[in-house]
Amino acid sequence: MSSSSDEERESIVFDIGSHLARAGFAGEDAPSVVIAYEEENEYKETYYSNGYKLFGSNGSKIDMLERVISNCYNLLDDNKVDLIKESPAIFSEHFHDIPSERENLIELMFEKFEVPAFYTTPSPVLSLYSSGRGSGIVLESGNSFTETVVIYEGYMISNSVFSQKRGGAEVTQYLKDHCGSLRNTNRAMSDADYLYLKDRYSTCSYSEPTTKVRLPDGIETDLDMKSSLLKGCTDSLFDSPGLKSLPDMVYESVMAASIHGRRDLFCNVILSGGNTMITGFPALLKNRIEQVVSKRHKGLKLNVVAAPERKYHPWIGGSILGSLSCFMDSLLISKDEYMESGPRVLAKCINPKNVIKC
């Protein structure tokens, strides 16, 4: 499909994680392509062997990324060649991405895919943009990583960034390690079953034990899902030995900002990422942050913003960004700029103030 028959196409926005890839045209409300790696034969084996993550320790990340991007283009438009050569590409990126990965990505897009223009910006910046705010503390939790960062009046506070290797994959692995065996069936549990159980039953609050479960293939069977297991699988998201707790990450990120803006930041705690969709996540996070804050600050108001569409926040932020004329005119990296300066031109993408204040 194509979003426009005009001479100049809309930008294409990519938000590619270790569990899902999302792509679509700038200006749309939601990604038109969502690829779940566990459902695609091309990626399934790598996804499971890496512990429910597509981009793990096995193989080259850029090689797999090329395959995913190519698949997204195919699903967006049958006339793939014209689509690539006419549509600028906008990517979300994460703080744990090393500089060489950014350089590999821009090289891939200009030299392999031959896009006319390119841009990349931190995923939490796009999440804040999606929320319609210019200031806030973003907590983004996806399949592999959880990150916090403060963006204040358009500026990203560099020393407010915290990033940890924990997310939805750890929840799934916990269920796999602790779930009891199936009853009244000869069928063994599969990796797809554990993913389904995580999405359907995991919670951040205590719930009634579950014994009857319906698996993805429609089989209803007995499985001892104690309330302690259903909540225990998410405990590592909030407390892990040797790691900062999520409330501490939020608090310390805010404390890195100017003292004059901290009260506003605590009123704008923005949740983003599929992992924050787990039942009870926003309420538990708010309660735990309040416990941390109340020990140090009296009468401080706290507001945790959990929008229904938050699992797509980075993509939506990119969609908004790509539809702005000022962005198209001044911030995109053109192919000529890349050919002249090489990967050094990525410095144009570093300052998110241009994004927020555009």
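Before reading further, recall that the structure is shown in the block above.
Residues numbered from 1 in each chain as written. Predicted model: local features only at pLDDT ≥ 70, side-chain atom pairs only at ≥ 80, totals over all residues. Heavy atoms only, no water.

Q: Before we move on, can you summarise the packing of helix H9 (residues 246-255) against helix H11 (residues 281-294) with the specific residues and values?
A: Following both chains from N to C, one finds H9 and H11 inclined at 60 degrees, their axes separated by 9 Å at the closest point. The orientation of H9 with respect to H11, classified from their angle, is oblique. The crossing of H9 and H11 is right-handed. Across from Leu246, Pro247, Asp248, Val250 and Tyr251 in H9, the residues of H11 making contact are Phe281, Leu285, Arg288, Ile289, Val292 and Val293. (Axes fitted to C-alpha atoms, helices over the stretch in contact; angles between N-to-C directions. Helix = DSSP H or I, 4+ residues; strand = E, 2+ residues; numbered from the N terminus. Parallel < 35°, antiparallel > 145°, perpendicular 65-115°, else oblique. Left-handed = near helix turned anticlockwise from the far one by under 90°. Contact = heavy atoms within 4.5 Å.)

Q: Describe the sheet that holds strand E3 (residues 33-36), and please don't skip the residues or the numbers.
A: Reading across from one edge, E3-E2-E1-E4-E5-E14 is the order of the six strands in this open sheet, with mixed pairing throughout. The sheet is open, and its two edges are formed by E3 and strand E14 (333-334), each paired on a single side. Bridge count for strand E1 (residues 12-16) against strand E2 (residues 20-25) is five bridges, and the pairing is antiparallel. Looking at the pairing, Ile12 lines up with Phe25 of E2. (Pairing = 2+ DSSP bridges.)

Q: Residue-level account of the side chain of Asp193, with values.
A: Following the sequence through the fold, Asp193 ends up in helix H7 (residues 191-201). Each residue touching Asp193, except ones within four places of it in the same chain, is listed here: Arg187, Ala188, Leu215 and Pro216.

Q: How would you sum up the nonpolar core? Please name residues and give values.
A: If you look at the biggest cluster of nonpolar residues, it comprises 93 residues, and the most contacted ones within it are Phe14, Ile16, Tyr37, Ile69, Tyr73 and Met109. The element that contributes the greatest number of residues to this core is helix H2 (residues 61-76), accounting for seven residues. Among the nonpolar cores identified, the runner-up in size contains seven residues, and Val125, Val138, Ile270 and Val305 belong to it. (Core = buried A, V, L, I, M, F, W, Y, C linked by side-chain atoms within 4.5 Å. Buried < 20%, exposed > 50% of the residue type's maximum accessible area, 1.4 Å probe, protein only.)

Q: Give a detailed account of the pairing of E2, specifying residues and quantitative values.
A: Counted residue by residue, E2 has six buried out of six residues, so it is predominantly covered. Hairpin remark: E1 followed by E2, antiparallel, with three residues in the connecting loop. Of the pairings in the sheet, the one linking E2 to E3 comprises four bridges and is antiparallel in character. Bridge assignment links Leu20 to a residue of E3, and that residue is Ala36.

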